[in-house]
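Tertiary structure, described
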Amino acid sequence: MKKWVSAMLFYFAFCVRIEAFKFHKTQQTERISGSAGDVLEDDPVGRLKVFVYELPSKYNKKILQKDPRCLTHMFAAEIYMHRFLLSSPVRTLNPEEADWFYTPVYTTCDLTPNGLPLPFKSPRMMRSAIQLISSNWPYWNRTEGADHFFIVPHDFGACFHYQEEKAIERGILTLLQRATLVQTFGQRNHVCLKDGSITIPPYAPPQKMQTHLIPPSTPRSIFVYFRGLFYDVGNDPEGGYYARGARASVWENFKNNPLFDISTEHPTTYYEDMQRAVFCLCPLGWAPWSPRLVEAVIFGCIPVIIADDIVLPFADAIPWEDIGVFVAEKDVPKLDTILTSIPIEEILRKQRLLANPSMKQAMLFPQPDQSRDAFHQILNGLARKLPHDTSVYLKPGNKILNWTAGPVGDLKPW
Amino acid sequence: MKLLSALQQQGRRSNNFRSASSQLDSAVDGGVKSQATIFWLLLHGLCCLVSLVLGFRFSRLVFLLIFSTSSPSTTSTANLYSAFHTSFPSTTTTPSTEAVNGIIAEGSRVVVGRHGILIRPWPHPDPEEVLKAHRIIERVQREQRIQYGVKSPRTVIAITPTYVRTFQTLHLTGVMHSLMNVPYDLIWIVVEAGGATNETATLVSKSGLKIFHIGFNANMPILWEDRHKLEVKMRLQALRVVKENRLDGIVMFVDDSNMHSMELFDEIQNVKWVGAVSVGILAHSGGSEEDLSVAQTEKNEKNPQMPVQGPSCNSSNHVVGWHTFDVLPHVERRARYVGDRGIVLPRKLEWSGFILNSRLFWKEAKDKPQWVKDLDEVGRDGDDVESPLSLLKDASLVEPLGSCGVKVMLWWLRVEARADSKFPARWIIDPPLDVIVPAKRTPWPDAPPELPSSIKKAINIQDNTEKRTPKSRTTRSRGSRSKRKRSAKVSIEQVTTRYSSNK
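Reading guide: rules and limits
Residues numbered from 1 in each chain as written. Chains lettered and ligands numbered in written order. Predicted model: local features only at pLDDT ≥ 70, side-chain atom pairs only at ≥ 80, totals over all residues. Heavy atoms only, no water. UniProt positions renumbered as here; feature names shortened; annotations may be inferred. Helix = DSSP H or I, 4+ residues; strand = E, 2+ residues; numbered from the N terminus. Buried < 20%, exposed > 50% of the residue type's maximum accessible area, 1.4 Å probe, protein only. Contact = heavy atoms within 4.5 Å. Areas by Shrake-Rupley, 256 points an atom, 1.4 Å probe, with all protein chains shown as cover. Core = buried A, V, L, I, M, F, W, Y, C linked by side-chain atoms within 4.5 Å. Disulfide = S-S within 2.5 Å. Phe/Tyr/Trp six-rings, centres within 6.5 Å; stacked < 30°, edge-to-face > 60°. Salt bridge = Lys/Arg side-chain N within 4 Å of Asp/Glu carboxyl O. pLDDT = per-residue confidence, 0-100. Buried area = accessible area lost by both parts, 1.4 Å probe. Polar contact = N/O pair within 3.5 Å; in protein donor to acceptor, adjacent residues only side chain to side chain. Right-handed = clockwise from strand over helix to strand, strands pointing away. Pairing = 2+ DSSP bridges. Axes fitted to C-alpha atoms, helices over the stretch in contact; angles between N-to-C directions. Parallel < 35°, antiparallel > 145°, perpendicular 65-115°, else oblique. Nonpolar A, V, L, I, M, F, W, Y, C, P; charged D, E, K, R; others polar.

- The name given to chain B in an unreviewed UniProt entry is Glycosyltransferases, and the organism recorded there is Olea europaea subsp. europaea.
- Turning to chain B, the UniProt record has this under Subcellular location (unreviewed entry): "Golgi apparatus membrane".
- According to its UniProt record, chain B has this under Sequence similarities (unreviewed entry): "Belongs to the glycosyltransferase 43 family."

- Looking at an unreviewed UniProt entry, one finds chain A named Exostosin GT47 domain-containing protein and attributed to Olea europaea subsp. europaea.
- Of chain A, the UniProt comment under Subcellular location (unreviewed entry) reads exactly: "Golgi apparatus membrane".
- One UniProt comment on chain A, placed under Sequence similarities (unreviewed entry), says "Belongs to the glycosyltransferase 47 family."

This is the structure in structure tokens:
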């Protein structure tokens, strides 16, 4: 108990110190280990103003009409954020007093018949949108986008590709080099994560998860739980590419272990089973992030994160080290030893942290929005980056961004 | 590129081979050359087959291992990995052969491309770790119960009337195991008809629970009606123990042949003074086929569900009436004495469906309600106390449990062997059997043997008042013992002759 109190005090002091320090920095990422319930409970209303550009509906509404599946897949955050901002009290109709500018363009809504988004047209769509706003409003050219933010929830964020090698080759779209990116992808020292980005959780349908809640007195009897692919035979027939071999390693080492309830079958009681498990594995797939983290937090199952160098959502507001268990990919064969040797007090503490409602709220995108949900955490993150450094405001005629950089295919009009 | 160089080397090797062997046998020159190519072809074919099996290009692995200067890290880590199958270490050697161009960002430890699948040499669970995991799970569940379960659990006081008979071990073991699994403090009051015996004492002491073992000075009668009455008296005696010792907790009546679910014990913690639960009645028929089929057809006509005894509520969750078991259709076929073939019928309201706060029986308790009679008044005159409702002046203040009687967490069942059936004391065969006699020699014929005369008399008296169709009973004699002996002998002789004729 005492340890907990002193830890809280320490974190609070640390936060306060870093807050004071921040005002001298530009757009550096802060890695503040805020204790859950501290920064998470800030209310962004009154701390910032956001102006929403009015783009023609071909950038947002028409795309959504073409494929309404975009509302339920894990990239739906971009659509719901737009809707939230339109009716939020932080929205301002006067762009002169706005701190941040938002461009509602749904780049992740071009879906295959299977439901996976194709990123091939996204760079062109983004470029066309930016051309529009830079020609119709003066605010883009004022800062070359440094006070604009974009939501890019795709696999590798603004690199706009689902294959990691190609994404790294492309890098972040040149026009977005100065803007703040709000994305689900996060990996340290990676080309597709630039400093100052805000990592958000992938979208998970809150209503669906709500209907599958079971009474919390149901005893947790599964030790480790995982449902998903271990080998992606369609895209990786040789093996060893998918998940950097980590998922395959989990299967090969623990398929005979009765403590590990792992399989590729997708049961109808998937959510209920997570609520009966103590640990839920969240290994990387083709990208390091997955909706499993959100589900584990909502259902009170301690997430076991197997993804080297991953940056988790709202990492500056949520102390993930205290809540989840991090296992290096090379340590996967020793996973059972690692999990059974965690002291029981720590496990109980993690469960208490997970039971904190503000923790669960921060991972969700509920409609209509509720206080302290993910929308507000994003706004909190944007508010923490204010005020903008005066150097971002460029003298008129000064240009930093190269509008003709990038692959030739991107320069075609959309 | 490497392949070509290898081929060249191979060619060179074959030349050396040739030059070496030319001294030996010049005639085999051409053969050796073709042998080399055949060998190469075979090797290539083998590599292809192995690649098919492994799933990646085996030939490259061979060249890598033979020709590249493998760093010491590979050999050291090779101990961890199974030798050839699927694994070879990820970061150090792969970039040269497998990793795709230009991936690694500065400072990143994570490499894009192909990685080995790490498998430890013995991918099976370690029993120590399994034990640790179970302890973790147990602790987590205990914490859950503290957080979300009953806030201040009260002691459960279980009252069980019992007596020594064949099925006592069966029934009492079931009850004992249920009570041992109850997560709350428990006091078990075992009242035994015929006095406290060692048999029962050894059985219940295995539970490790806190037990009051009380003897009751009356033998358990044979007829079911009398048995029910005696059980009531035994329960009242147990309640007197609760009163004298001022035991604090929740009193429940755990009959030894009933079946309890663990949720029952959680539900009864909600009782304030008097609660009622629904009891499922498993009216067991004697086992004859006719009984069952007739019973079932009757049941199908009326209601095919299991009959339930319990409270019935109105919309505001107050008890307004009681569901009871309808005995009329089964009266004809009911069992009259213990061990009889026939359906054992419950009484109107079984005691096991009622849960009482033990403070009701204390002499002076703080908030003892006015609508409870004193324990000494009830049952004093020897008249039958039908159900705990007789203890209350006002029956409408009973609290319904289990979502107003909807949940059945308790089942009433009476299964007994014949009253004269023999069983080894404490179910220990001592001395051990040393002679095994074939069945046809033992005195257990197909037909049931003669019953002791006391039972017969009881039945006959009852028979005179009621008409009853005789079942498959072979002999029936009235009166004197001598006649019985003779007829018994006759029956045995008949049986033995029957057997001998079957031979």
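**Considering the overall build of chain B**
- Helix and strand counts for chain B come out as 14 helices and 12 strands.
- Looking at the 503 residues of chain B, the share that counts as buried comes to 38%.
- Contacts in chain B between residues at least 24 apart in sequence constitute 74% of all its contacts with a sequence separation of at least 6.
- Just so you have it, chain B exposes about 29600 Å², and 56% of that area is on carbon and sulfur atoms.

**Things to note about the overall build of chain A**
- Looking only at helices and strands, chain A features 15 helices and 10 strands.
- Relative to its full complement of 414 residues, chain A shows a buried share of 59%.
- Entry remark: accessible area of chain A is about 17200 Å², with carbon and sulfur atoms responsible for 56%.

**Regarding the nonpolar core**
- Grouped together as the largest cluster of nonpolar side chains are 92 residues, with contacts concentrated most on Leu85 and Phe279 of chain A.
- Ignoring anything within four residues of it in the chain, the contact list for Leu85 of chain A reads Val50, Val52, Val90, Arg91, Tyr102, Phe149 and Leu379 of chain A.

**Considering the state of the cysteines**
- Counted under the stated rule, the structure contains four disulfides over all chains.
- Residue pairing for Cys70 of chain A: its cysteine sulfur links by disulfide to Cys109 of chain A, the two sulfurs lying 1.8 Å apart. Looking down the S-S bond of the Cys70 of chain A and Cys109 of chain A bridge, the torsion is 120°, so its handedness is right-handed. Within this pair, whereas Cys70 of chain A is found in the loop between helix 2 (61–66) and helix 3 (77–86), its partner Cys109 of chain A is found in the loop between strand 2 (100–102) and helix 4 (122–136), the two being separated by 39 residues in sequence.
- Taking the relative accessible area as the measure of exposure, Cys70 of chain A reaches 1% and is therefore buried.
- Disulfide pairing is shown between Cys313 of chain B and Cys404 of chain B; the S-S distance is 1.6 Å. One end of the pair, Cys313 of chain B, is in strand 8 (residues 308–313); the other, Cys404 of chain B, is in helix 12 (residues 402–405), with 91 residues separating them in the sequence.
- Looking at Cys404 of chain B, the relative accessible area reads 18%, which means it is buried.
- With cysteine numbering restricted to those in disulfides and following the sequence, chain A has the pairing 1-2, 3-4, 5-6.
- Looking at the unpaired Cys282 of chain A, the closest cysteine sulfur is the one in Cys280 of chain A, lying at 6.7 Å.
- The closest cysteine sulfur to the non-disulfide-bonded Cys48 of chain B is located on Cys47 of chain B, 7.1 Å from its own sulfur.

**A closer look at the packing of aromatic side chains**
Residues and elements named next belong to chain A.
- Following the criterion strictly, the structure yields 27 aromatic pairs over all chains and no others.
- Ring centres of Tyr270 and Tyr271 lie 5.6 Å apart, and the angle between their planes is 40°; on these two criteria the pair is classed as tilted. Of the two residues, Tyr270 and Tyr271, both sit in the buried class.
- An aromatic cluster of at least three residues, connected via ring pairs, comprises Phe51, Tyr53, Phe101, Trp137 and Tyr139.

**Thoughts on the pattern of salt bridges**
- Considering all chains together, one arrives at 26 salt bridges over all chains under this definition.
- Note that Glu346 of chain A and Lys350 of chain A form a salt bridge whose closest N and O atoms lie 3.8 Å from each other. Of this pair, Glu346 of chain A and Lys350 of chain A are both found in helix 13 (residues 344–355), four residues apart, which corresponds to roughly one turn of the helix.
- By relative accessible area, Lys350 of chain A is classed as buried at 5%.
- Salt bridges sharing common partners tie together Arg165, Arg227, Glu231, Arg235, Asp255, Asp256, Arg414 and Glu416 of chain B.

**Quick notes on the confidence of the model for chain A**
- For chain A, the average pLDDT comes to 87, and 92% of its residues sit at 70 or higher.
- A low-confidence stretch, residues 17–33 of chain A (pLDDT under 50), is modelled with 26 contacts involving residues beyond four sequence positions or located in other chains.

**Describing the interface of chain B and chain A**
- Between chain B and chain A, the contact holds 38 residues from the first and 45 residues from the second.
- Summed over both partners, the interface of chain B with chain A buries about 3600 Å², with 61% contributed by carbon and sulfur atoms.
- Ionic pairing is found between Asp336 of chain A and Arg120 of chain B, a salt bridge with its closest N-O pair at 3.1 Å.
- Remark: the boundary between chain B and chain A carries 12 residue pairs in polar contact (both at pLDDT 80 or more).

**With respect to the pairing of strand 9 (residues 302–306) of chain A**
Residues and elements named next belong to chain A.
- Counting buried positions over the five residues of strand 9 gives five, a clear majority of the element.
- As a crossover connection, the stretch from strand 8 (residues 277–283) through helix 10 (residues 292–298) into strand 9 is right-handed.
- Alignment of strand 9 against strand 10 (residues 325–326), held across two bridges, turns out to be parallel. Bridged to Ile305 within strand 10 is Phe326.

**Description of the packing of helix 3 of chain A against helix 15 (residues 374–384) of chain A**
Residues and elements named next belong to chain A.
- Where helix 3 contacts helix 15, the axes come no closer than 11 Å and their chain directions differ by 75°. When the interaxial angle is binned, helix 3 and helix 15 end up roughly perpendicular. Contacts between helix 3 and helix 15 pair Tyr80, Met81, Phe84 and Leu85 from the former with Phe375, His376, Ile378 and Leu379 from the latter.
- The residue inventory of the contact of helix 3 with helix 15, partitioned by class, reads seven nonpolar, one polar and no charged.

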